[in-house]
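Okay, here's what each chain looks like letter by letter:
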Amino acid sequence: MLVSMKKIMIVDDEQISLMMTEHILATTYQTICATSGKEALSLYKTEKPDLVLSDLHMPGMTGYELQSALQSESSEQIPFVFMTADQNDETESRGFENGAMDFIKKPFRADVLLRRVGNILQTVEKIYGLKQAAVIDPMTGLLNKASSAEEIQAVCKNTQGVLMIIDLDSFKLVNDLYGHAVGDKILMRFADILRAVVRPVDIVGRMGGDEFIAFCQNVRDEVVIEKKSRFINKYILEAAKEFMGEDMQIPLGASLGCVFAPEEGTDFASLFTKADKALYEVKQHGKHGFTFFKTADKTQKETTAVAGDLANTLTILRERGETHSAFVLPYEHFRTVFQFLVRLTANYSRTVWVLLFTLTEKAPAALPIEEATEQFLAVLQSSLRQSDVITQSSKNQCIVLLSELKAADIEVVTTRIMNLWETKDASAYTTVSYELDALK
């Protein structure tokens, strides 16, 4: 792998000294030479060196003046080293007060110069790494929560634009059903999508979890945000299918809560609060779209745009492919279905039967109870109807919901399950019992 050489600018009005310094450093670094402060100012803009090594006493512009002029045009601290034949301690002290990283006395030995420069560049890299770690979200490479707030706060005071809180819809299902490794891939791809939809002058960051933030400068038209919303929702769905398969059933998308600045405020805290309220609105009205917070006209209906139509929504909600077996759910999703059926039976006088199967190890146990329970779950799925719902509630228990079934048919169902279970090798190492109750 090729590693780019560090670039050092050498500034010295003495030609022989300049040539000797350049000769020493060119063996290890890429060098740019300037014979005056004025020339160095011009070269710095195009070359952007990693370090400036400048003579202190030069006609026209001293090393101090060069450093001051360069620093005034940069928001970052410029690594600067002074060279001088002056032995006065006050000269060296002033150099450090001006922000120099080191002070090298002339004449110098080649090995000493290389070692000093190498140490300084290592220090610069460590400082840069610490700064990056402090402001960057390590997973996505976007600004983290604190730096996002700081950057937006600095910009929104004097710049008009749109603050957007961007939330991934249904992201928790990705982690629950496909695991955190896939969830991380989705988050990283989503960060790439956000980078693509904003400009270099805009600010984009991750607030934490599946919530992101962006400030788009000088955007005044809601149509622009609508296009961004459609772009984001289109490509995050494509990413979901790429990572989880074309038949994935998670309605993954993005909701955007938006607010204009300065109309609704010029400080980050108030704008964030209003954008968060707008986000809540779009979450309550279909998701996968955007809403603007507006207080100027209470009678004006807030803009809500939702991607897709009913046909698309039904396509997303439906199962993919033809199914003939019972519906197996993770416990948390099963719990939601159970709570819905409790409401349904209470209001419409229907009966839903609940079966709790418990597996107990026989001594000596030749098969872990967890594996036996997984096999029993598969037996339940193949034995029951499409309308029945199953979950594994613990390492040795499974719960079944049976709807539209007469009490007299319960024994038929349990007998079918147990007969099929007896054909499995795991049945030799476990005892299965069950309890029955009804939701009425």
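This structure is a prediction, so every number in the text was calculated from the model and none was measured. (Residues numbered from 1 in each chain as written. Predicted model: local features only at pLDDT ≥ 70, side-chain atom pairs only at ≥ 80, totals over all residues. Heavy atoms only, no water.)

Let's shift gears to the sheet that holds strand E2 (residues 30–34). One open sheet holds the five strands; their spatial order is E2-E1-E3-E4-E5, and the pairing between them is parallel. What marks the edges here is a single partner per strand, and that holds for E2 and strand E5 (102–105). Here the average twist between neighbouring strands, direction ignored, is 20 degrees. Along the sheet face, helix H3 (residues 63–72) touches strand E1 (7–11), strand E3 (51–55) and strand E4 (80–84) and points at about 170 degrees away from the line of E4. (Pairing = 2+ DSSP bridges. Helix = DSSP H or I, 4+ residues; strand = E, 2+ residues; numbered from the N terminus. Axes fitted to C-alpha atoms, helices over the stretch in contact; angles between N-to-C directions. Contact = heavy atoms within 4.5 Å.)

In contact at an axis separation of 10 Å, helix H2 (residues 37–47) and H3 are set at 25 degrees when each is read in the N-to-C sense. In this view, H2 runs roughly parallel relative to H3, as classed from their interaxial angle. For the pair H2 and H3, the crossing hand works out as right-handed. Contacts from Gly37, Ala40, Leu41 and Tyr44 in H2 reach Leu66, Ala69 and Leu70 in H3. Class assignment for the residues of the contact of H2 with H3 results in six nonpolar, one polar and no charged. (Parallel < 35°, antiparallel > 145°, perpendicular 65-115°, else oblique. Left-handed = near helix turned anticlockwise from the far one by under 90°. Nonpolar A, V, L, I, M, F, W, Y, C, P; charged D, E, K, R; others polar.)

Apart from glycine, the bulk of residues carry a negative phi angle, and the bulk of peptide bonds sit in the trans form. Note the cis peptide between lysine 106 and proline 107, where omega equals -10 degrees. Tracing the sequence through the fold places proline 107 in the loop between E5 and helix H5 (110–135). Of note, the amide linkage connecting alanine 261 to proline 262 takes the cis form, showing an omega dihedral of 10 degrees. Secondary-structure assignment places proline 262 in the loop between strand E9 (253–261) and helix H10 (268–284). Even without a glycine there, the phi angle at lysine 48 is positive, about 45 degrees. Even without glycine at this site, asparagine 218 takes up a positive phi of about 60 degrees. Examined against the element boundaries, asparagine 218 turns out to sit in the loop between strand E8 (211–217) and helix H9 (222–244).

A complete count under the given rule lists 16 salt bridges for this structure. With a closest N to O distance of 2.5 Å, lysine 283 and aspartate 167 form a salt bridge. Linking lysine 283 in helix H10 with aspartate 167 in strand E6 (residues 161–169), this pair joins segments that are 116 residues apart in sequence. We classify aspartate 167 as buried; its relative accessible area is 11%. The closest approach of N and O atoms between arginine 195 and aspartate 192, which form a salt bridge, is 2.7 Å. Taken together, the residues arginine 195 and aspartate 192, both in helix H8 (residues 180–197) and three residues apart, mark about one turn of the helix. The exposure class assigned to arginine 195 is partly exposed, which follows from its relative accessible area of 34%. Take aspartate 192: its relative accessible area is 42%, and that puts it in the partly exposed class. Through salt bridges with shared partners, one network takes in Asp12, Asp55 and Lys106. (Salt bridge = Lys/Arg side-chain N within 4 Å of Asp/Glu carboxyl O. Buried < 20%, exposed > 50% of the residue type's maximum accessible area, 1.4 Å probe, protein only.)

The next subject is the sheet that holds strand E15 (residues 397–403). One open sheet accounts for five strands, arranged E12-E14-E15-E13-E16; its pairing is mixed. The open sheet terminates on both sides in strands that have one partner only, identified here as strand E12 (327–328) and strand E16 (430–439). Along the sheet, helix H14 (residues 410–422) contacts strand E13 (352–361), E15 and E16; its crossing angle with E16, the most-contacted strand, is approximately 160 degrees.

Turning next to a negative patch on the surface. Among the surface-exposed residues, Glu361, Glu370, Glu371 and Glu374 lie close enough to one another that they form a single negatively charged patch. Ranked by the residues each element gives to the negative patch, the list is headed by helix H13 (residues 369–383), at three residues. Examined against the element boundaries, glutamate 374 turns out to sit in helix H13. Taking relative accessible area as the criterion, glutamate 374 reaches 52% and is therefore assigned exposed. (Patch = residues over 30% accessible without salt bridge, like charges linked within 9 Å, V, L, I, M, F, W, Y side chains within 5 Å. Areas by Shrake-Rupley, 256 points an atom, 1.4 Å probe, with all protein chains shown as cover. Lys, Arg positive; Asp, Glu negative; His and termini not counted. Charge placed at Lys NZ, Arg CZ, Asp CG, Glu CD.)

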